[in-house]
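# Residue-level structure breakdown
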Amino acid sequence: MSVQYTPVLWNRNKLVYDAVLLIAVALYLYVFIRYAPAFEDVTKPIDGATLRMRAFGSCAFLMLTVILCIGPLARLDRRFLPLLYNRRHFGVLTAGIAAVHANYVLGWYYNFSPTDKYVALLSSNTSYGQILGFPFEALGIGALLILFVLAATSHDFWLSFLGAPLWKALHMSIYIAYAFVVLHVALGALQGPGDPILTSLVTASVVLVCGLHFATGRMEAARERGEATAKASLQNAGWVVAGEVDEIDEDCAKVVTLDDDERVAIFKYDGKLSAITNACAHQNGPLGEGKVLWGCITCPWHGYQYNLADGRAPEPFTEKISTYRLKLIGSTVLLDPKALPPGTHVEPVRLGEGA
Amino acid sequence: MQTAEFLIELGRYYLYAGGIVTALFLVIGIDRIEPSANGSYAFRPLLIPGICLIWPLVLYRWAVLERTKGHKP
Ligand code: HEM
Ligand code: FES
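Just so it is clear, the structure is predicted and the values come from calculations on it, not from any experiment.

### Observations regarding the confidence of the model for chain A
In low-pLDDT segments, the atomic positions of the prediction should not be examined closely. Overall, the prediction assigns chain A a mean pLDDT of 83, with 86% of residues at 70 or greater. Ranking the elements of chain A by mean pLDDT puts helix H5 (residues 117-123) of chain A last, at 66, and strand S8 (residues 323-324) of chain A first, at 93.

### Describing the state of the cysteines
Residues and elements named next belong to chain A. Per the counting criterion, the structure on display carries zero disulfides over all chains. A disulfide-free cysteine, Cys296 has its sulfur positioned 13 Å from the sulfur of Cys280, the nearest such atom. Using a relative accessible area of 10% as the deciding quantity, one classes Cys296 as buried.

### Focus: the coordination of the iron atom of ligand 1
All names here are of chain A. Within the protein, the atoms that donate to the iron atom of ligand 1 are His101 (NE2) and His184 (NE2), at distances of 2.0 Å. Here the iron atom of ligand 1 is ringed by six donor atoms whose angles at the metal span 88 to 179 degrees, and the overall shape comes out octahedral. Highlighted residues: His101 in helix H4 (residues 87-109) and His184 in helix H9 (residues 174-187), separated in sequence by 83 residues. Taking relative accessible area as the criterion, His101 reaches 17% and is therefore assigned buried.

### Observations concerning helix H6 (residues 136-152) of chain A
In a regular helix each residue adds 1.5 Å, so 17 residues correspond to 24 Å; H6 of chain A covers 25 Å between its end C-alpha atoms and thus fits that length. Of all the residues in H6 of chain A, the buried ones are Glu137, Leu139, Gly140, Gly142, Ala143, Leu144, Ile146, Leu147, Val149, Leu150 and Ala152 of chain A.

Criteria and thresholds
- Residues numbered from 1 in each chain as written.
- Chains lettered and ligands numbered in written order.
- Predicted model: local features only at pLDDT ≥ 70, side-chain atom pairs only at ≥ 80, totals over all residues.
- Heavy atoms only, no water.
- pLDDT = per-residue confidence, 0-100.
- Helix = DSSP H or I, 4+ residues; strand = E, 2+ residues; numbered from the N terminus.
- Disulfide = S-S within 2.5 Å.
- Buried < 20%, exposed > 50% of the residue type's maximum accessible area, 1.4 Å probe, protein only.
- Donors = N, O, S within 2.8 Å, 3.2 Å for Na, K, Ca; no water.
- Tetrahedral: all angles 85-135°; square planar, octahedral: opposite > 155°, others 65-115°.
- Expected span 1.5 Å × (residues − 1).

Next comes the structure, spelled out in structure tokens:
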């Protein structure tokens, strides 16, 4: 690996993203603290600290909801992809907002108790056997711990150090945190005097998060089935699996040997794929080891050149080599082993269009 | 009350141990097992909270990477 770790890599998009994020959060907190009292039961006015505790708690909950929706949305529609890139800042901020919420709870509910406030928080209610009056604070603590761990391990270093499988498994626990928070609110605030806004907020969030995950799950299953049938029908027609797109480096080729010992070079260049015979028309030099420049391959032996799309040497030369047809199914490259007559134009396969 | 105090004590010692692992890892471990960290120091303080929280996992990965280091080119 050649990257060097720096504290944070900033660029314009990230700055805009973070600015929008911070402004939205500040606006939410401001509106909540300014206008929520108007919806309160006037006979039981709430104090400022409780109000702020609620503002930060509900803000963290909404942010967690958005974070969990970004993934499936980006899979349903590529236009949501920009939201995905900076999810880590979103996550870190969410953990921070949730921590402020918890801190208000500690400071307010337990400030006047003679015992240590952390001890008081943990021991004030230990009826874990019941639903009504369940110590929902413990669920909040669990969620907050998970959010802290995820925020603390969001730097790229952790992905590389822990390895992708372990890192991903760790970060999947965001779903546990979400379940904890939903229960935290359902068994806590929602058990009190009816609050239609909070109730509908939580319901909407659960429906949205579950619905989106369900929809993307079905979509992906359908796509995988479609890809499997497409692949099977091509293979029935005699096409061969040449490998995965990722195996081919940019401006390089993967050489595939067919049953009749014919060798085919599949090139990746300018976001496209093209296949030509590996044998140069001059003296059978290995074209797959040559260099790609402006859509042309240069033979490593004596420098003959061919256009990758049609196997023809650029004017004024007249050499021609065989081309092959390719298809991309998902991320798998399939090759039609029947060589086309030398010089036949084949439209290159474009990458990244979900072919 | 007993249990609550016990849990908090437990948490405290967990974090003390995390502090020791953090010091060892940032001074010795990181340069041995993460070549791309060589020469970059500014990002290291960012790792402190993470190591304190998941230090058992850090020790495990450190051990694994030390063992497999020789095998990689
Ligand atoms: C140490 C951790 C936490 C503690 C001790 C804690 C404690 C509390 C308490 C005492 C309430 C008031 C319940 C009521 O009004 O009956 C509350 C409400 C709430 N908490 Fe937490 N909480 C914690 C973590 C979290 C986290 C991590 C989230 C979200 C990410 C969260 C979201 C909420 C929400 C949305 C409410 C309802 C606010 C409202 O009434 O409008 N809490 N929490
Ligand atoms: S073999 Fe390709 S240029 Fe001679």
